[in-house]
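If you want the building blocks of each chain, they are given just below.
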Amino acid sequence: KNLNKSLKNLEGEFVIRNAEKLQYIQRIPVLGEEKTENMREENIRKKGKLAKYFEQHPTAKKIWITVIIILLIILLPLAGFFGVQLILKAGLPKDVDLPNFVGKNVNEVSQILEETKLNIEKVEEFNSEVEEGEIFSQEPPYIEGYKVKENSTVKIWVSKGTQKVTMEKVVGMSFEEAERKLVNELNLKVEKIEETSKTVEEGIVIKQDIEEGTELNAGDTVKLYVSIGTGIEQIVVPYVIGDTEEDAREKLSKLETVVVYEEDMSKTDGKVLKQSIEAGETVDEKTKITITVNRIEDIKTGIIKLNLQSLLGSRATIELDEEGNEINPTVNVKITVNDENIHSTEHRKDETNIIVDVYGKGTVTVKVWIDDTMETMKQFNLSVENPELIIQ
């Protein structure tokens, strides 16, 4: 039995007292086991209270491990973020006050650069108002309290003093050629002013504000007036015949379009019949072009009201003979519209309301004849609402 127990429990925790021989049954350790057992006992003695606590409470150990893992998950990103910020901040250049270089001698700049750790780009120009070697401009300009980064570049302009030069003629040259001559040979500055010109080619100097032979200081500014050509956009005239008036106006929007109307019964109403400038021609912007649009008008009806008595005046008086009979009381009244006879009838001279219907389109010419003599001529617009012409 004891052998069976020993095989089941290798730690030997089954020892019982032998009643007959008054001694314990012991498990005999195998080769090397005694040394291992001694080491285990030694490790147990060396363990602290926390290790012993965790051996007695294995659940608590799992909880602590979980807490530590969670803390690491939270703290590691934060530590990384702040670490990167510190590294980046450490690598950025510091802000320094922008010095005022203007008015200082160029030789003073070196000491200022050592103090501020700035870089300088120097440009030398003639300046009749500033002594040689003196700084008269800087970029960025000085503003009190304005800061720049270390190792930034500040551009300074240093005076080369005064030099007298004689102005030369550059009119007729290209602007590039004139600029090279004035800047490189005479040490002058050039201001370009563009102007339109119908006679001078684009890019050519039209005039200069300082005449040839004038003495001036190097560094002075000369104004050159340069042609940009006509300055007027060139337009290729499009083909608009057959288009509607609206479409034609849109295509010709960069030209000054004049529209006239005429009637052609053989063509579609509202379409362009003619254009005054042929398609494909190149003209200046805003050039006037006339298009003729077909307008087929409906036949309208109007009324002519003729006061014959008023028209004849004193001639409308009807005389009587000795017997009281009227002498020549009537006249022949003929009315034509656009030279077409629409009315020819005898009327009493004293009639005041002769009404004649008129049929036509647009504005027509009305003539009234009395006994083959034309008495009056009127223009009658039939396009208006309820057209009526009163003749008296």
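Our subject is the structure listed above.
A few points on the structure. (Residues numbered from 1 in each chain as written. Predicted model: local features only at pLDDT ≥ 70, side-chain atom pairs only at ≥ 80, totals over all residues. Heavy atoms only, no water.)

The next point concerns the nonpolar core. Grouped together as the largest cluster of nonpolar side chains are 21 residues, with contacts concentrated most on Ile304, Val333, Val366, Val368 and Phe380. Aside from chain neighbours lying at most four places away, what touches Val366 is Ile304, Ile335, Thr336, Val337, Thr376, Met377, Lys378, Phe380, Leu389 and Ile391. Of all hydrophobic cores here, the second largest spans 17 residues; its members include Met173, Ile210, Val222 and Val226. (Core = buried A, V, L, I, M, F, W, Y, C linked by side-chain atoms within 4.5 Å. Buried < 20%, exposed > 50% of the residue type's maximum accessible area, 1.4 Å probe, protein only. Contact = heavy atoms within 4.5 Å.)

Once that is clear, we can look at the sheet that holds strand β23 (residues 354-360). Pairing within the open sheet is mixed, and its three strands lie in the order β23-β18-β26. Because the sheet does not close on itself, it has two edges, and the strands there are β23 and β26 (388-391). The sheet shows a mean angle of 20° between the axes of neighbouring strands, direction not considered. Bridge count for strand β18 (residues 300-306) against β23 is seven bridges, and the pairing is antiparallel. Of the residues in β23, the one forming a bridge with Leu306 is Ile354. (Pairing = 2+ DSSP bridges. Helix = DSSP H or I, 4+ residues; strand = E, 2+ residues; numbered from the N terminus. Axes fitted to C-alpha atoms, helices over the stretch in contact; angles between N-to-C directions.)

Every α-helical turn comprises 3.6 residues, leaving residues that sit three or four positions apart pointing alike. Among all positions in helix α6 (residues 175-185), only Phe175, Ala178, Lys181 and Leu182 are buried. The arc that holds every buried residue of α6, seen down its axis, measures 135°, which confines them to one face. Facing away from the buried side of α6 by more than 90 degrees, the exposed set consists of Arg180, Asn184 and Glu185. The secondary structure elements touched by the buried residues of α6 are β9 (189-195), β10 (205-208) and β12 (221-227). The positive-phi residue at the C-terminal boundary of α6 is Asn187, with phi of around 55°. (Arc of directions from axis to C-beta.)

We now examine the pattern of salt bridges. All told, the structure shown has 16 salt bridges when counted by the stated rule. Close ionic contact of Lys274 with Glu262 constitutes a salt bridge, the shortest N to O distance being 3.6 Å. Here Lys274, found in strand β15 (residues 272-275), pairs with Glu262, found in strand β14 (residues 256-262); they are 12 residues apart in sequence, far enough to count as distant. Given a relative accessible area of 43%, Lys274 falls into the partly exposed group. (Salt bridge = Lys/Arg side-chain N within 4 Å of Asp/Glu carboxyl O.)

This brings us to the sheet that holds β12. Taken together, the three strands give an open sheet; going across it, the order is β9-β12-β10, and neighbouring strands pair in mixed fashion. Because the sheet does not close on itself, it has two edges, and the strands there are β9 and β10. Averaged over all neighbouring strand pairs, the angle between strand axes comes to 30°, with direction disregarded. By the bridge criterion, seven bridges tie β9 to β12 in an arrangement that is parallel. Across the sheet, the residue bridging to Lys189 is Thr221, located in β12.

The calculated volume of the largest pocket comes to roughly 160 Å³. Taken together, Glu124, Glu125, Phe126, Lys160, Glu179, Val183, Asn187, Leu188, Lys189, Val190 and Gly219 form the lining of the largest pocket. Of all elements in the fold, only β4 (119-125), α6 and β9 reach the threshold of two or more residues within the lining of the largest pocket. Partitioning the lining of the largest pocket into residue classes produces four nonpolar, two polar and five charged. (1 Å grid on protein atoms, 1.4 Å probe; cavity = no way out; pocket = protein on both sides within 12 Å on 5 of 7 lines; lining within 4 Å. Points joined across faces, edges and corners; volume = space filled by probe spheres on them. Nonpolar A, V, L, I, M, F, W, Y, C, P; charged D, E, K, R; others polar.)

Now for the pairing of strand β21 (residues 330-337). Consecutive side chains along a regular strand alternate between the two faces of the sheet. Extensive coverage of β21 is indicated by the burial of six of its eight residues. As defined by bridge partners, β21 adjoins strand β22 (residues 340-348) across eight bridges and the pair is classed as antiparallel. The residue bridging Ile335 from the neighbouring strand is His343, located in β22. Between β21 and β22, which follow one another and run antiparallel, lie two residues, and Asn338 among them has a positive phi close to 50°. Pairing geometry for β21 and strand β24 (residues 363-370), over five bridges, is antiparallel. Directly across from Thr336, in β24, lies its bridge partner Lys367.

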